[in-house]
Amino acid sequence: MSLLEKELEKKVEQDYILEAKNIKKYFPIKGGVFKREVGQVKAVDDVSLSILRGETLGVVGESGSGKSTLGRVILRLLDPTEGQIFFENEEISKMSNRQLRPYRRDMQIVFQDPFASLNPKMNVQELIEEPLLVQTDMSKSARKEKAISLLEKVGLRPDSRLKYPHEFSGGQRQRISIARALALNPKFVICDEPVSALDVSIQAQVLNLMADLQDEFNLTYLFIAHDLSVVKHISDRVAVMYLGRIAEIAPKKNIYETPLHPYTEALLSAVPSTDITAKREKIILKGDLPSPSNPPSGCAFRTRCPKAHERCSLERPELINVSEGHFVACHLYDN
Amino acid sequence: MELNPQTNTGPGIDIKNAEKGMSPTKIAMKRFMKNKLAVASVFILLLIVVVVILAPFLTEHNPTKTNLTLIERPPSEDHLLGNDSSGRDNFARLIYGGRISLIVGFSAMVFTLVIGVVLGSISGYYGGKIDSIIMRACDLVLMLPFLVLCLTIVAILEEVNVTILVSIIALTSWPSLTRIIRGTFLTLREQEFILGAKAIGVSDLRIIFKHFIPNAIGPILVNATLMMATYIIAESALSFIGFGIPQPTPTWGNMLSEAQSLRILRNSPEAWIPPGLAILITVLCINFVGDGLRDAFDPKSNRR
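Not measured: the values here are computed from a predicted model. (Residues numbered from 1 in each chain as written. Chains lettered and ligands numbered in written order. Predicted model: local features only at pLDDT ≥ 70, side-chain atom pairs only at ≥ 80, totals over all residues. Heavy atoms only, no water.)

Novice: Would you take a moment to explain the sheet that holds strand S12 (residues 326–328) of chain A for this structure?
Specialist: Sheet strands associate in pairs through backbone hydrogen bonding, adopting either a parallel or an antiparallel arrangement. Residues and elements named next belong to chain A. Pairing within the open sheet is mixed, and its eight strands lie in the order S6-S7-S8-S3-S9-S10-S12-S11. Lying at the two open borders of the sheet, with one neighbouring strand each, are strand S6 (107–110) and strand S11 (320–323). Taken pair by pair, the neighbouring strands of this sheet meet at an average axis angle of 20 degrees, ignoring direction. Across two bridges, strand S10 (residues 245–251) lies against S12 in antiparallel orientation. Looking at the pairing, Ile-249 lines up with Phe-327 of S12. Contacting strand S3 (56–60), strand S9 (237–242) and S10, helix H10 (residues 262–269) runs over the sheet at an angle of about 105 degrees to S9. (Pairing = 2+ DSSP bridges. Helix = DSSP H or I, 4+ residues; strand = E, 2+ residues; numbered from the N terminus. Axes fitted to C-alpha atoms, helices over the stretch in contact; angles between N-to-C directions. Contact = heavy atoms within 4.5 Å.)

Novice: Please clarify how the side chain of B:Ser236 should be interpreted in this entry.
Specialist: Residue and element names in this part refer to chain B. Tracing the backbone through its elements, the reader meets Ser-236 in helix H10 (residues 204–240). Of the residues examined, Ser-236 reaches a relative accessible area of 7% and is grouped as buried. When near neighbours in sequence (up to four residues on either side) are disregarded, Ser-236 contacts Gly-253 and Ile-279. (Buried < 20%, exposed > 50% of the residue type's maximum accessible area, 1.4 Å probe, protein only.)

Novice: Even after reading the chapter, I still don't get the interface of chain A and chain B, so can you show me in this structure?
Specialist: You'll often see interface size given as the accessible area lost when the parts meet. The interface of chain A with chain B comprises 43 residues on the first partner and 38 residues on the second. Carbon and sulfur atoms supply 57% of the area buried between chain A and chain B, which totals about 3,600 Å² over both sides. One salt bridge in this structure joins A:Arg72 and B:Glu192, with 3.4 Å as the shortest N-O distance. Connecting chain A to chain B are 15 residue pairs in polar contact (both at pLDDT 80 or more). Those elements that provide at least two residues to the side of chain A that touches chain B are helix H3 (97–104), S6, helix H4 (124–135) and helix H5 (140–153) of chain A. Looking at which element gives the most residues to the side of chain A that touches chain B, the answer is H5(A), with eight residues. (Buried area = accessible area lost by both parts, 1.4 Å probe. Salt bridge = Lys/Arg side-chain N within 4 Å of Asp/Glu carboxyl O. Polar contact = N/O pair within 3.5 Å; in protein donor to acceptor, adjacent residues only side chain to side chain.)

Novice: Would you explain the packing of aromatic side chains in this entry?
Specialist: Each aromatic ring pair is characterised by the separation of its centres together with the angle its planes make. Under the criterion given, the structure shown has seven aromatic pairs over all chains. When the ring of A:Tyr242 is compared with that of A:Tyr263, the centres are 4.6 Å apart and the planes differ by 65 degrees; the resulting orientation is edge-to-face. A residue pair is termed long-range when its members are at least 10 positions apart, and A:Tyr242 in strand S9 and A:Tyr263 in helix H10 qualify at 21 residues. On the basis of an interplanar angle of 90 degrees and a centroid distance of 4.8 Å, the ring pair of B:Tyr125 and B:Tyr126 is categorised as edge-to-face. Each residue in the set B:Tyr125, B:Tyr126, B:Phe185 and B:Phe212 is aromatic and connected to the rest through ring pairs, giving one cluster. (Phe/Tyr/Trp six-rings, centres within 6.5 Å; stacked < 30°, edge-to-face > 60°.)

Novice: It is not clear to me how the environment of A:Ala181 should be interpreted in this structure. Could you clarify?
Specialist: Its place among the elements puts A:Ala181 in helix H6 (residues 170–182). Considering only alpha carbons, one finds A:Ala181 and A:Arg316, 135 residues apart in sequence, at a separation of 38 Å.

Novice: When you look at the UniProt feature "domain: ABC transmembrane type-1" (unreviewed entry) in chain B in this model, what are you seeing that I'm missing?
Specialist: UniProt's feature table lists "domain: ABC transmembrane type-1" (unreviewed entry) at residues 98–290 of chain B, given in the numbering used throughout. Taken end to end, residues 98–290 of chain B is 85% helix and 0% strand, and its first and last C-alpha atoms sit 20 Å apart. (UniProt positions renumbered as here; feature names shortened; annotations may be inferred.)

Novice: It is not clear to me how unusual backbone geometry should be interpreted in this structure. Could you clarify?
Specialist: When glycine is set aside, most residues are seen to have a negative phi, and most peptide bonds are trans. All names here are of chain A. In this model, Asn-218 sits at a positive phi of 55 degrees, which is unusual for a non-glycine residue. Within the secondary structure layout, Asn-218 lies in the loop between helix H7 (200–217) and strand S8 (220–225). The phi dihedral of Leu-243 is positive, around 50 degrees, even though this residue is not glycine. Here Leu-243 shows up in the loop between S9 and S10. Overall, the relative accessible area of 4% leaves Leu-243 in the buried class.

Novice: Looking at this structure, how should I read the UniProt feature "domain: ABC transporter" (unreviewed entry) in chain A?
Specialist: Per the UniProt entry, the sites bearing "domain: ABC transporter" (unreviewed entry) are residues 18–268 of chain A in this numbering. For residues 18–268 of chain A, the helix share is 37%, the strand share is 29%, and the end-to-end C-alpha distance is 28 Å.

Novice: When you look at the nonpolar core in this model, what are you seeing that I'm missing?
Specialist: Side chains of a nonpolar character, in soluble globular proteins, are inclined to be buried together. Counting 60 residues, the largest nonpolar core has B:Leu165, B:Ile169, B:Phe185, B:Ile207 and B:Phe212 as the members making the most contacts within it. Apart from residues lying up to four places away in sequence, B:Leu165 is in contact with B:Val104, B:Val160, B:Glu235, B:Leu238, B:Gly244 and B:Ile245. Listed in part, the 55 residues of the second largest apolar core include A:Val154, A:Val189, A:Ala300 and A:Phe301. (Core = buried A, V, L, I, M, F, W, Y, C linked by side-chain atoms within 4.5 Å.)

Novice: Honestly, the packing of helix H3 (residues 36–53) of chain B against helix H5 (residues 90–126) of chain B in this entry has me stumped. Any pointers?
Specialist: To describe two helices that pack against each other, one gives the angle between their axes and the distance between the axes. All names here are of chain B. The N-to-C vectors of H3 and H5 enclose an angle of 115 degrees; their axes lie 8 Å apart at closest approach. In the packing of H3 onto H5, the handedness of the crossing is left-handed. For the pair formed by H3 and H5, the contact residues are Ile-48, Val-49, Val-51, Val-52 and Ile-53 on the first element and Ile-95, Gly-98, Arg-99 and Leu-102 on the second. Here the contact of H3 with H5 is built from residues that sort into seven nonpolar, one polar and one charged. (Left-handed = near helix turned anticlockwise from the far one by under 90°. Nonpolar A, V, L, I, M, F, W, Y, C, P; charged D, E, K, R; others polar.)

Novice: Teacher, can you tell me more about a nonpolar patch on the surface here?
Specialist: Residue and element names in this part refer to chain B. Nonpolar side chains collect at one region of the surface, where Leu-47, Val-49, Val-50, Val-51, Ile-53, Leu-54, Phe-57 and Leu-58 lie side by side and expose about 730 Å² of accessible area between them. Residue assignment for the nonpolar patch shows that the elements contributing at least two residues are H3 and helix H4 (55–58). Residue contributions to the nonpolar patch peak at five residues, all from H3. Mapped onto the elements, Val-51 comes out in helix H3. By relative accessible area, Val-51 is classed as partly exposed at 30%. (Patch = residues over 30% accessible without salt bridge, like charges linked within 9 Å, V, L, I, M, F, W, Y side chains within 5 Å. Areas by Shrake-Rupley, 256 points an atom, 1.4 Å probe, with all protein chains shown as cover.)

Novice: What should I look at first to understand the UniProt feature "transmembrane region" (unreviewed entry) in chain B in this one?
Specialist: Residues and elements named next belong to chain B. Mapped onto this numbering, the UniProt entry gives "transmembrane region" (unreviewed entry) at residues 37–58, 100–125, 137–156, 162–181, 220–245 and 271–290. What you have in residues 37–58 is 95% helix and 0% strand, and the ends, taken at the C-alpha atoms, are 28 Å apart. Along residues 100–125 one finds 100% helix and 0% strand; the C-alpha atoms at either end are 36 Å apart.

Here it is, written out as structure tokens:
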């Protein structure tokens, strides 16, 4: 109990830049002649999380676990079915698009696919200037100067600013995306698998760039990825998602050294190791991710869990606090 | 502001000179220029346009002036293509008639384009109820056979001029372009750069004009071009059966209606072959240009 109290106390003094409470995003499945709603895809199903100013929260999960949807809901690019989102203690979950506009300066997103996230008909300068054009009243020459300085920041040559996205490589395009996201000096950036479409050698460069920029601009990241190795590099805390729910959320050290949830264990065992002498048991999960339109009863992971028992199919596990900052949603740990 | 341009832009950076890139549209135009058939068609069309614009300088005859002494005269030095059944000069009618035919085709295309872009954008961008309404309206108009609808409207209005004809054509054929633009928008809507623009706080209008339409320009341009060809044919068809622009105003279509008489069809080919050829060549060239544009904007589609 004292732990929980401590946690609560901490919460009061801690400076959360973003808090999401009980976020649900259900997509309707329409069918039949009259497009009636015949079901729902529960992409995000009751997720709560909060992000401290200046930290990086990694979100990990396989494809279809709802991590990208969560990111888009937090930015209000998708409207949540239920739940509240607070950005710097202002509730943004119910605002109209017009009301949201000033908040868009402070929150940005970098997308996964560098070939789809830049308008192919705009040149680099136009792309980077666009946020300045719509959100500020900077003069044309000031915008141009800013664009040039941003290009330098992300390690691109300013004299290629009149080129078009198709003339750049994937890594360079991702740098353009980052420059565009940073143009308005945001406080919070969602990185939606920014490196998973890139070559491994380029991944490290872009990750290092993002880490440097975080220090320089005092950014807060929500870093979405589908494998733990990328997140390990950049995160302070890590949340593991499974089928629209958070399975485990903990400081990075706990996740990598003392994972509690069987799913986290399985994910960790899949990370390739450079240490060939290390003895590791590979946990291979049976089957596929169940359909989010028809999730298993109780714990969503029980169909693939090696440690599942009877209770798992009956009750949905809640996130419980097992040690400082370490929460896990598994019946193995609540007694 | 942490990002201070002054501190970051050193003296070594050349601000003025930057390598110019090739925009996708420029690349498409370059590809178009390599298509010999399409480029030749553009030149032929330009020639036709120049001829109809310069009509008063190419003939001194008035295309609407009847002359009873010259009825159905064969070609002569003064009247290169002879005279029609009211004694009007066929050559003058051919080049003046081109004006009307091209104006009808072009303005109907522009009109359809405006309707199509507006409704297609709204439908594809907002989706939901408004989309359903617009699409049902499309179905309704598509359901009606074009020619019968035109005949009915013309019959009700009794008198037809260019504006009315253009409106009729546009109001009966906007659905196909609207659907194409909506479809293009729907595929673009899922692209991440549209989400990215929303994340920046770009207004709906700017998203439509800066992000959707430039990326849909290929299909829009191609379909508008091909549509113009069908509109020229539609005008000709309506005029041929006497429901288009009424006499004495010349159009290629109502010049052809002369050939409804078997006597003229047999004895004076010079009266109906030139307008027929003019329609054929114009429509063919427009179609070649349209195909060329399609291949240029979507290079994957051209190797069948």
